[in-house]
Amino acid sequence: MTRPDLFIGVVSHRGSRFAVSQGPQGLAALLEAELATAGIATTVVVSTDDHFDASPFPLSEASVQASLSAQLRLHGTWARFIGRRWSPRWLAEQALRSGKRQTQRVRSPGVAMLRRLLNIELSHVDLMRRGLASGAAWVLIIEDDGAASDVADCAAGLRGLMEHADRIAYANVSQSYSSRTLGVDHLLHADPGVRWAGTVSRGLFAADRPVTNTVCAILYAREFLPGLVRVMDELPMEPVVPIDWKLNLAMMRLFDEGAFAERRCWQVEPAPIDQLSMR
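Residues numbered from 1 in each chain as written. Predicted model: local features only at pLDDT ≥ 70, side-chain atom pairs only at ≥ 80, totals over all residues. Heavy atoms only, no water.

J.: What is the right way to look at the packing of helix α3 (residues 61-82) against helix α9 (residues 243-256) in this model?
T.: When two helices pack together, their arrangement is given by the angle between their axes and by how far apart the axes lie. Where α3 meets α9, the axes come as close as 11 Å, and the angle between the chain directions of the two elements is 40 degrees. Relative to α9, α3 is oriented oblique. Crossing geometry of α3 relative to α9 is assigned as left-handed. Residue-level inspection shows L74, H75, T77, W78 and F81 of α3 in contact with α9, the latter providing W245, N248, L249, M252 and F255. The residue makeup of the contact of α3 with α9, split by class, is 7 nonpolar, 3 polar and no charged. (Axes fitted to C-alpha atoms, helices over the stretch in contact; angles between N-to-C directions. Helix = DSSP H or I, 4+ residues; strand = E, 2+ residues; numbered from the N terminus. Parallel < 35°, antiparallel > 145°, perpendicular 65-115°, else oblique. Left-handed = near helix turned anticlockwise from the far one by under 90°. Contact = heavy atoms within 4.5 Å. Nonpolar A, V, L, I, M, F, W, Y, C, P; charged D, E, K, R; others polar.)

Printed below as a string of structure tokens:
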């Protein structure tokens, strides 16, 4: 069996309002067809399985409260890691988060929230494993709310990124938050040796420290992915945090291990894939 150049995994679920992503008009299928014209062999796998529901462990109201507290702590840990400036805006955001947390102690969102977060997390990691098992040199994980207004540009740009396996550990390719909103703009630097190969003008920036722009669409180099899967497996399932923050936690650990000494995190701005749930 011939190994694909690219594995595309789609994180979705039964009853999704973005169910179009699961079929021939979804972004993954459109990219597969576009890349085929350039001789890029692609394997697409759509995941609608609820992995946590298949073998659940007990969750309680205490689990919910522990999860919410862990998420709040992670905001602070992440801000220190990226050296975010403690501006009045950021302090105001933290105050709002703290206030919301106090409200959640009385009006809990319930354990259904945790089941949903765990199903999403396990689907992401399962697709990472399946991407590695496919033998593909690159693995693109897309959530089902990801879409591209210019599929040809997106495909050409991804092809260009795939020519830099020696430089890229992973690349954020979704237009979710701006680097300024994330507070990571001071970490990004243009590299004249890498450019966006599509037809739309986009900037490519290497980050001094690994950052993520949600997990709507991330392109992983095969050489980087085993280490990420290992750390994701090592991190405890509880307290439960959203996959975006779980991935940030994993990236911080990998950074401390020296995983970004050669290959780095990259950011595309504006990115080619829109996160429709944020529009």
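Next comes the rest of the description.
J.: Looking at this structure, I do not really get unusual backbone geometry. What am I missing?
T.: Excluding glycine, most residues fall at negative phi; most peptide bonds, likewise, are trans. Residue P239 is reached from E238 by a cis peptide bond, and omega for that bond is 0 degrees. Assignment of secondary structure puts P239 in the loop between α8 (225-234) and α9. With an omega of -10 degrees, the peptide bond running from E269 to P270 counts as cis. Within the fold, P270 resides in the loop between β10 (264-269) and β11 (273-275). Of note in this structure, T214 is not a glycine but carries a positive phi near 60 degrees. Note that T214 resides in the loop between β8 (203-207) and β9 (217-221). Judged by its relative accessible area of 10%, T214 falls in the buried class. (Buried < 20%, exposed > 50% of the residue type's maximum accessible area, 1.4 Å probe, protein only.)

J.: I keep staring at the sheet that holds strand β5 (residues 168-172) and nothing clicks. Help me out?
T.: For sheets, the rule is that strands pair by backbone hydrogen bonds, running either parallel or antiparallel. Taken in spatial order, the 8 strands make up an open sheet running β2-β1-β3-β9-β5-β10-β8-β7, and their pairing is mixed. Looking at the sheet topology across the chains shown, the edges are occupied by β2 (42-47) and β7 (188-190). Neighbour-to-neighbour, the strand axes of this sheet turn through a mean angle of 25 degrees, independent of strand direction. (Pairing = 2+ DSSP bridges.)

J.: For this particular structure, what's the right way to read the packing of aromatic side chains?
T.: Any pair of aromatic rings gets described here by the distance separating the centres and the angle formed by the planes. In the structure shown here, the tally under the stated rule is 7 aromatic pairs. Both rings, one in F52 and one in F57, keep their centres 5.1 Å apart while their planes meet at 80 degrees; by these two values the pair is edge-to-face. What makes F57 partly exposed here is its relative accessible area of 27%. (Phe/Tyr/Trp six-rings, centres within 6.5 Å; stacked < 30°, edge-to-face > 60°.)

J.: Is there a simple way to explain the environment of V139 in this structure?
T.: Examined against the element boundaries, V139 turns out to sit in strand β3 (residues 138-143). Under the relative-accessibility criterion, V139 is labelled buried at 1%. In this structure, V139 is in contact with L6, F7, G131, L132, I218, L219, Y220 and L225, ignoring residues within four places of it in sequence.

J.: Explain the side chain of N119 here, please?
T.: Examined against the element boundaries, N119 turns out to sit in helix α5 (residues 111-134). For N119, the side chain forms a polar contact with the side chain of D53, separated by 3.3 Å. Every residue in contact with N119, bar those within four places of it in the chain, is listed here: D50, H51, F52 and D53. (Polar contact = N/O pair within 3.5 Å; in protein donor to acceptor, adjacent residues only side chain to side chain.)

J.: Please explain the environment of I120 as it appears in this structure.
T.: As for its placement among the helices and strands, I120 is situated in helix α5. Linking I120 and E234, residues 114 residues apart in sequence, is a C-alpha distance of 17 Å. Ignoring any residue separated from it by four or fewer positions in sequence, one finds I120 in contact with E143 and I243.

J.: Whenever I open this one, helix α6 (residues 151-161) confuses me. Can you help?
T.: One turn of the α-helix equals 3.6 residues, which is why residues spaced by three or four share an orientation. Counting buried residues along α6, 9 of its 11 residues qualify, which places the element largely inside the surrounding structure. Buried within α6 are the following residues: V151, D153, C154, A155, A156, G157, L158, G160 and L161. Near the N-terminus of α6, the side chain that reaches the backbone nitrogen of A152, with its oxygen 3.4 Å away, is that of D150.

J.: Help me understand the packing of α8 against α9, please; the structure alone is not making it clear to me.
T.: Two numbers describe how α8 lies on α9: the axes approach to 9 Å, and their chain directions differ by 110 degrees. Classified by the interaxial angle, the pair formed by α8 and α9 is roughly perpendicular. Between α8 and α9 lies a crossing whose hand is right-handed. Between α8 and α9, the residues in contact are G227, L228, R230, V231 and M232 and I243, K246, L247, A250, M251, R253 and L254, respectively. Class assignment for the residues of the contact of α8 with α9 results in 8 nonpolar, 1 polar and 3 charged.

Shape is all these values report; function is a separate question.
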